[in-house]
Amino acid sequence: MLILTLPILITMAAAVIPAIYLLRYIFKQDRLEKEPSGLILKLVILGIVSTLCALFTESVGMSLLANTFHNESLAYKVLLNYVVIALSEEGFKYLVLKRATWKNPNFNCQFDAVVYAVSVSLGFALWENIQYVFSYGLMTALVRAFTAVPGHACFGVLMGAWYGLAKKREGMGEIEKSKNLKRMAVLMPVIAHGTYDLCASAASYIGTIIFFVVIIVLFYICRNLVKALSESDNYLNNQEDFYYK
């Protein structure tokens with residue numbers, strides 16, 4: 001029995017550990033007031049739920065595109081990666097994020113938004129990773145540990161950065177600016193996600209190089225953004241807003 005279950009345990013660990021590691025890293029950057037573990041777990045689970053919602057809209061979108069554009073056309077690739085996939089996935093992540101946290105009393109610091117958004121994104125990545133790894137094996141786990149999983153974490157960082165600003169602006173009574181920032185909290189990760197997927201789908205040597213350049217730039221930007229947001233974090237509406245004018 002142990003012989004039969006050990007490969008499954010190893011595969012599961014390979015699928016799960018990258019997301020747990022990145023979530024722990026983000027959690028440690030929250031220097032003012034740690035978020036309740038129950039809330040973080042809830043957000044991870046909601047991230048998993050968002051994958052099921054995205055699967056439905058993606059299947060519908062792919063069917064519509066297949067009946068409208070040739071699958072090798074630029075229009076097909078752009079709409080597939082930016083609208084059908086990126087907008088579906090980041091849109092549902094945002095919906096569950098806002099539903100669970102916007103009015104939550106624990107949301108009292110700007111960096112909390114990053115913790116929340118990354119928790120949802122890594123819940124999404126966790127479930128997606130389990131599916132891929134069990135379908136394609138441990139080598140897939142290794143590749144995705146350095147690409148797709150941290151990619152989703154980065155999309156969460158971008159969403160959280162703008163989401164936190166939106167919360168702050170609302171508290172300052174600037175409702176229209178808050179609404180615009182909430183739109184940015186969806187738009188920015190959609191652009192990053194769509195670009196990531198479009199480059200990943202390029203079946204050429206040059207395309208592969210561009211893909212890895214995009215990954216490096218995205219990881220560098222988000223790492224520095226996490227550091228800056230963590231170091232400048234303060235309780236909401238208790239600091240000068242130098243991120244957005």
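This structure is a prediction, so every number in the text was calculated from the model and none was measured. (Residues numbered from 1 in each chain as written. Predicted model: local features only at pLDDT ≥ 70, side-chain atom pairs only at ≥ 80, totals over all residues. Heavy atoms only, no water.)

(A) Expanded view of the pattern of salt bridges. Tallied over the full model, the rule gives five salt bridges. Close ionic contact of arginine 144 with glutamate 128 constitutes a salt bridge, the shortest N to O distance being 3.0 Å. Of this pair, arginine 144 sits in helix α5 (residues 138-145) while glutamate 128 sits in helix α4 (residues 112-136), and the two are 16 residues apart along the sequence. Across the pair arginine 169 and glutamate 174 runs a salt bridge, and its minimum N-O distance is 2.5 Å. (Salt bridge = Lys/Arg side-chain N within 4 Å of Asp/Glu carboxyl O. Helix = DSSP H or I, 4+ residues; strand = E, 2+ residues; numbered from the N terminus.)

(B) Layout of the packing of aromatic side chains. As enumerated under the stated definition, the model contains nine aromatic pairs in all. Aromatic pair tryptophan 102 and phenylalanine 107: ring centres 6.3 Å apart, planes at 75°, arrangement edge-to-face. Like tryptophan 102, the residue phenylalanine 107 is buried in the burial classification. Centre to centre, the rings of phenylalanine 155 and tyrosine 196 are 6.0 Å apart; their planes meet at 85°, and the pair counts as edge-to-face. Note that phenylalanine 155 is positioned in helix α6 (residues 148-171) and tyrosine 196 in helix α7 (residues 175-200), a separation of 41 residues in sequence. (Phe/Tyr/Trp six-rings, centres within 6.5 Å; stacked < 30°, edge-to-face > 60°. Buried < 20%, exposed > 50% of the residue type's maximum accessible area, 1.4 Å probe, protein only.)

(C) Expanded view of the environment of alanine 125. If you trace the backbone, alanine 125 turns up in helix α4. Note on alanine 125: relative accessible area 0%, which makes it buried. Separated by 94 residues in sequence, alanine 125 and phenylalanine 219 have C-alpha atoms that sit 16 Å apart. Beyond its immediate chain neighbours, meaning those up to four positions away, alanine 125 contacts Arg144, Val149 and His152. (Contact = heavy atoms within 4.5 Å.)

(D) Representation of the packing of α6 against α7. Packing of α6 against α7 leaves a shortest axis separation of 7 Å and a crossing angle of 170°. Put simply, α6 runs roughly antiparallel to α7. Contact residues: Ala148, His152, Phe155, Leu158, Met159, Trp162, Tyr163, Leu165, Ala166, Arg169 and Glu170 in α6; Ile175, Lys177, Ser178, Leu181, Lys182, Met184, Ala185, Met188, Pro189, Ala192, His193 and Tyr196 in α7. For the contact of α6 with α7, the residue count by class is 16 nonpolar, three polar and four charged. (Axes fitted to C-alpha atoms, helices over the stretch in contact; angles between N-to-C directions. Parallel < 35°, antiparallel > 145°, perpendicular 65-115°, else oblique. Nonpolar A, V, L, I, M, F, W, Y, C, P; charged D, E, K, R; others polar.)

(E) Representation of the packing of helix α3 (residues 74-101) against α4 within the structure. Interaxial distance between α3 and α4 falls to 9 Å at its minimum, and their mutual angle equals 130°. As summarised for this structure, α3 and α4 are arranged oblique, according to the angle between their axes. For the pair α3 and α4, the sense of crossing is right-handed. Contacts from Glu89, Lys93, Val96, Leu97 and Thr101 in α3 reach Tyr116, Ala117, Val120, Ser121, Phe124 and Glu128 in α4. For the contact of α3 with α4, a count of residues per class yields six nonpolar, two polar and three charged. (Left-handed = near helix turned anticlockwise from the far one by under 90°.)

(F) Representation of the nonpolar core in the model. Ile26, Val114, Leu122, Val157 and Leu218 are the most contacted members of the largest nonpolar core, which has 36 residues in total. Mapped by element, the contributors of at least two residues to this core are α1 (2-29), α2 (37-66), α4, α6, α7 and α8 (205-231). Here valine 114 is in contact with Ile26, Val157, Gly160, Ala161 and Leu229, once residues within four sequence places are set aside. One finds Val96, Leu165, Leu181 and Ala185 within the second-largest nonpolar core, a separate group that totals 23 residues. (Core = buried A, V, L, I, M, F, W, Y, C linked by side-chain atoms within 4.5 Å.)

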